[in-house]
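Structural characterization, general
Read off the chains here:
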Amino acid sequence: MNGEILVVIIFVILAALLIGTLISSTEGKENHELSAEEQKALNEKGLATLTAYTSMNRLPIYQGEAPVMLRADEYPIVCSEAELAEERSIGNYSGMSFRVASGMYYRTGQSIGSARVTIIDSGQLVLTSKRLVFVGSKRTSSTDLKRLVNVQLFSDAITVNKEGKAKAETYFTEAPIVYKVILELLHRFTFHKEGPDYLRADSSIEES
């Protein structure tokens, strides 16, 4: 019994750290205006917390109030402030590599090359076990994960291509690497709710 209580306490702490990483902001700055050092630190902190879950074949369930009406057997995983942009063109990418699981490495750092960005809305970006949802002041979009064709990671954003839509969408957020890692894990594994604050993969993440 004591062991079970300890596990619950550990996961509550991990969930609090992940939520704090994603919803905290640098006062007076928008996400894409963070310095390279600030952005790198946020990515590293978010990834470290997430890796603590994935090392046990788990994903966290977001414990805050997500602005999404959930479907049956759908669970929020990540929710953070975000800005929606379109028409982003970026060159090569460099930075530090992080190992998440067997065969899975991700980079954080600066994008290299020219960027042309038009911010069109701000709001919240929610990743659930089934959808990627943006709830903004002007625009709301909900995309089933199966309709995501490609997700490209940058130091301060993710760019997604959706089936049936020619124009890519870019979401500036504080720890975009967390979204990228979780999206790939949801593509590779089936997760089931096992506890009040986490989902478990149907097979070993580390060995796959």
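This text gives an overview of the structure that appears in the document. For clarity, every value in this text was computed on a predicted model and none was experimentally measured.

1. Topic: the nonpolar core
Ranked by internal contacts, the top residues of the largest apolar core, which has 33 residues, are Leu127, Ile182 and Phe191. Residue assignment for this core shows that the elements contributing at least two residues are α2 (36-54), β2 (76-86), β5 (118-128), β6 (131-136), β8 (148-153), β9 (157-162), α3 (176-188) and β12 (198-201). Contact partners of Ile182, with chain neighbours within four places excluded, come to Leu50, Leu59, Ile77, Val78 and Leu127. Within the second largest apolar cluster, six residues are counted, among which are Tyr62, Cys79, Val126 and Val133.

2. Remarks on the pattern of salt bridges
Oppositely charged side chains may form a pair once their charged atoms are brought near each other. Overall, the coordinates contain eight salt bridges when judged by the stated rule. When the shortest N-O distance is used, the salt bridge between Glu74 and Arg131 registers 2.8 Å. With a gap of 57 residues between them, Glu74 in the loop between β1 (58-60) and β2 and Arg131 in strand β6 connect regions that are remote in the sequence. Each member of the pair, Glu74 as well as Arg131, is classed as buried. In this structure, Lys167 and Glu86 form a salt bridge, with 3.7 Å as the shortest nitrogen-oxygen distance. A residue pair is termed long-range when its members are at least 10 positions apart, and Lys167 in the loop between β9 and β10 (169-172) and Glu86 in strand β2 qualify at 81 residues. With relative accessibility at 37%, the residue Lys167 sits in the partly exposed group. Among the charged side chains, a salt-bridge network with shared partners connects Arg58, Glu194 and Arg200.

3. What about the packing of α2 against α3?
Axis separation between α2 and α3 bottoms out at 7 Å; the angle between their running directions is 30°. Residues Gln39, Asn43, Gly46, Leu47, Leu50 and Thr54 of α2 pack against Pro176, Ile177, Val178, Val181, Ile182 and Leu185 of α3. Taken together, the residues of the contact of α2 with α3 break down into eight nonpolar, four polar and no charged.

4. Quick look at the sheet that holds β12
Across the sheet, three strands lie side by side as β1-β12-β11; this open sheet has antiparallel pairing. The open sheet has two edge strands, β1 and β11 (191-195), and neither has a second partner. Adjacent strand axes in the sheet meet at a mean angle of 35°, parallel and antiparallel pairs treated alike. Relative to β12, β1 is paired through three bridges, and the arrangement is antiparallel. For Arg58, the partnering residue across the bridge sits in β12 and is Arg200. Of the strands in this sheet, β1 and β12 are in contact with α2, which crosses β1 at around 135°.

Cut-offs and rules
Residues numbered from 1 in each chain as written. Predicted model: local features only at pLDDT ≥ 70, side-chain atom pairs only at ≥ 80, totals over all residues. Heavy atoms only, no water. Core = buried A, V, L, I, M, F, W, Y, C linked by side-chain atoms within 4.5 Å. Buried < 20%, exposed > 50% of the residue type's maximum accessible area, 1.4 Å probe, protein only. Helix = DSSP H or I, 4+ residues; strand = E, 2+ residues; numbered from the N terminus. Contact = heavy atoms within 4.5 Å. Salt bridge = Lys/Arg side-chain N within 4 Å of Asp/Glu carboxyl O. Axes fitted to C-alpha atoms, helices over the stretch in contact; angles between N-to-C directions. Nonpolar A, V, L, I, M, F, W, Y, C, P; charged D, E, K, R; others polar. Pairing = 2+ DSSP bridges.

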